[in-house]
Amino acid sequence: MQLEGSCHCGAVSFSLTSAHPYPYQRCYCSICRKTQGGGGYAINIAGDAASLKVHGRKHISIYHARLKEEGDKRARRSTAERHFCSVCGSGLWVFSPEWPDLVHPFASVIDTALPVPPEYTHVMLGSKASWVEVQTQPADRQCDVWPEESIAQWHERLGLSR
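Residues numbered from 1 in each chain as written. Predicted model: local features only at pLDDT ≥ 70, side-chain atom pairs only at ≥ 80, totals over all residues. Heavy atoms only, no water.

Participant: Could you clarify how one ought to interpret the pairing of strand β11 (residues 91-95) in this entry?
Facilitator: On a regular strand, each side chain points to the face opposite its neighbour's, so the side chains alternate between the two faces of the sheet. Taking burial as the measure, the five residues of β11 include five buried ones, the bulk of the element. Bridge count between strand β10 (residues 81-85) and β11: four bridges; the pairing is antiparallel. Bridging across to β11, F84 finds its partner in G91. Linking β10 to β11, which pair antiparallel, is a turn of five residues; within it G89 sits at a positive phi near 85°. (Buried < 20%, exposed > 50% of the residue type's maximum accessible area, 1.4 Å probe, protein only. Helix = DSSP H or I, 4+ residues; strand = E, 2+ residues; numbered from the N terminus. Pairing = 2+ DSSP bridges.)

What follows is the structure, encoded as structure tokens:
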């Protein structure tokens, strides 16, 4: 599926292809919540990194989250690159060098009509904010950390790969 996306102010727009476009995975971690998720979570989808075309690249800033595991004395810098519009602050996508073939745009900045998922996976619930009420449906999965199932596997299990 061809996806088009943009920031709020229009300084940055982009396109990419996605074989796995369903916005089903809600992440409640503190990084997503604080950098992207006004409702207490963020949703990103998987796209083909080689297909990413960007207009307004000069307006993009990159943030590397600071990660500190329990018991660590110091935080370390995440290798994941969170791309934002430097003009309006819209979160655009995440790229991680550990998965160089993928880019993960935030569903909230995709302008193309996305398909409605038949079920959701709620991830990183162990670090959700206390004020967040998780809205689940009977078929939804809930994970304290990450699920065993990847975005591609979820789409394949439900016969939704494009």
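Participant: What should I look at first to understand the sheet that holds strand β14 (residues 141-142) in this one?
Facilitator: The strands making up a sheet are joined through hydrogen bonds of the backbone, oriented either antiparallel or parallel. The sheet built from four strands is open, its strands ordered β4-β3-β13-β14 with mixed pairing. Single-partner strands in this sheet number two, and they are β4 (42-43) and β14. Inspection of the sheet shows strand β3 (residues 25-27) paired to β4 by two bridges, in the antiparallel sense. Across the sheet, residue C27 finds its bridge partner in β4, namely A42.

Participant: What exactly am I supposed to notice about the sheet that holds strand β2 (residues 13-17) here?
Facilitator: Pairing in this open sheet of three strands is antiparallel, and the strands run β1-β2-β6 from one edge to the other. Edge positions in the sheet fall to β1 (2-6) and β6 (53-55), since each of these pairs with one other strand and no more. Strand-to-strand twist across the sheet, computed as the mean angle between neighbouring axes with direction ignored, equals 15°. (Axes fitted to C-alpha atoms, helices over the stretch in contact; angles between N-to-C directions.)

Participant: Sorry, what's going on with the environment of I31 here?
Facilitator: Counting through the fold element by element, I31 comes out in helix α1 (residues 30-35). Linking I31 and Y41, residues 10 residues apart in sequence, is a C-alpha distance of 9.4 Å. If sequence neighbours within four positions are ignored, I31 has contacts with Q36, A65, L67 and R82. (Contact = heavy atoms within 4.5 Å.)

Participant: Which parts of the structure should I look at to understand the state of the cysteines?
Facilitator: Such a bond, covalent and formed between the sulfur atoms of two cysteines, is termed a disulfide. The final tally for this structure, using the stated rule, is zero disulfides. Of all cysteine sulfurs in the structure, the one in C27 sits closest to C29, which takes part in no disulfide; the separation is 3.6 Å. Assessed through its relative accessible area of 10%, C29 is described here as buried. There is no disulfide at C32, and the cysteine sulfur nearest it, in C27, is 3.7 Å away. (Disulfide = S-S within 2.5 Å.)

Participant: Is there a simple way to explain the environment of Y24 in this structure?
Facilitator: Tracing the backbone shows Y24 in the loop between β2 and β3. Residue Y24 is classed as buried on the basis of its relative accessible area, which comes to 2%. Between the alpha carbons of Y24 and T121 there is a distance of 6.2 Å; along the sequence they are 97 residues apart. Aside from chain neighbours lying at most four places away, what touches Y24 is I43, P117, E119, Y120, T121, S150, I151, W154 and H155. Of note is the side chain of Y24, whose polar atom sits 3.4 Å from the side chain of Q25. (Polar contact = N/O pair within 3.5 Å; in protein donor to acceptor, adjacent residues only side chain to side chain.)

Participant: Can you walk me through the pattern of salt bridges in this structure?
Facilitator: Pairing of side chains with opposite charge becomes possible as their charged atoms draw close. Here the structure, examined in full by the defined rule, presents three salt bridges. The partner of E149 in a salt bridge is R141, with the nearest N and O atoms 3.4 Å apart. When its relative accessible area of 16% is taken as the criterion, E149 is described as buried. Put simply, E149 and R157 hold a salt bridge, and the shortest N to O gap is 2.6 Å. A relative accessible area of 37% places R157 in the partly exposed class. (Salt bridge = Lys/Arg side-chain N within 4 Å of Asp/Glu carboxyl O.)

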